[in-house]
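# Overview (structure and organization)
Here are the chains, one letter per residue:
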Amino acid sequence: MALIIHEDCTACDVCVLECPNDAISEGDGILYVIDAENCTECVGAHDEPQCQLVCPAECIVIDPNHQESQEQLQAKYDRLHG
C-alpha cells in the first residue's frame, strides 16, 4: 500500500525529511503529496511509516487505491535503493 496526505495537512515539512524514499513532495496549494510509486510505507527502512509518526496533524493515512503486500513493498524498496 501507499499512503496519502489529507487536506488537513499544515505543510509543516516534517514528513518530507523523514521519508527514506523521497516519496513526499509539495503538491498544489499548501498540501504535500505522496508518490505511490516511491512509497513503501517505510518497509525496508523502518518498522512503521515514519511520516505518520511525525505528522502533528495526523493526516497521513493508507491509500485504498494502492494496495500492496509486504513482499511487494520490500521489492519496491529494493528497486529504489538497489
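These numbers were taken from a predicted model, which means no experiment stands behind them.

Cut-offs applied
- Residues numbered from 1 in each chain as written.
- Predicted model: local features only at pLDDT ≥ 70, side-chain atom pairs only at ≥ 80, totals over all residues.
- Heavy atoms only, no water.
- Helix = DSSP H or I, 4+ residues; strand = E, 2+ residues; numbered from the N terminus.
- Rg over C-alpha atoms; globule rule 2.2 N^0.38 Å.
- Buried < 20%, exposed > 50% of the residue type's maximum accessible area, 1.4 Å probe, protein only.
- Contact = heavy atoms within 4.5 Å.
- Areas by Shrake-Rupley, 256 points an atom, 1.4 Å probe, with all protein chains shown as cover.
- Core = buried A, V, L, I, M, F, W, Y, C linked by side-chain atoms within 4.5 Å.
- Patch = residues over 30% accessible without salt bridge, like charges linked within 9 Å, V, L, I, M, F, W, Y side chains within 5 Å.
- Salt bridge = Lys/Arg side-chain N within 4 Å of Asp/Glu carboxyl O.

### Quick notes on the overall build of the protein chain
- Assigned secondary structure in the protein chain consists of three helices and four strands.
- For 82 residues, the compact-globule estimate of 2.2 N^0.38 gives 12 Å, and the C-alpha radius of gyration of the protein chain, at 12 Å, lies within 12% of that figure.
- Expressed as lengths along the three principal axes of its C-alpha atoms, the size of the protein chain is roughly 30 × 25 × 20 Å.
- The buried share among the 82 residues of the protein chain stands at 34%.
- Put simply, 68% of the contacts in the protein chain that link residues at least 6 apart link residues at least 24 apart.
- Only carbon and sulfur atoms are counted for the fraction: they give 47% of the accessible area of the protein chain, which is about 5,000 Å².

### Considering the nonpolar core
- Ranked by size, the top nonpolar core spans 16 residues in total, and within it I5, I24, I34 and I60 carry the most contacts.
- Counting residues per element, the ones that place at least two in this core are β1 (2-5) and β3 (32-34).
- Considering every element that reaches this core, the biggest residue donor is β1, with three residues.
- With residues up to four places along the chain from it excluded, the contact list for I34 reads L3, I4, I5, A23, I24, C39 and I60.

### Description of unusual backbone geometry
- Notably, D22 is not glycine yet its phi reads approximately 50°, a positive angle.
- Inspection of the secondary structure puts D22 in the loop between α1 (14-18) and β2 (24-26).
- Of note, E58 is a non-glycine position whose phi angle comes to about 50°, a positive value.
- Looking at the element boundaries, E58 is found in the loop between α2 (50-54) and β4 (60-63).

### Some thoughts on a nonpolar patch on the surface
- Nonpolar side chains collect at one region of the surface, where V14, L53 and V54 lie side by side and expose about 210 Å² of accessible area between them.
- On the accessibility criterion, V14 (32% relative accessible area) is partly exposed.

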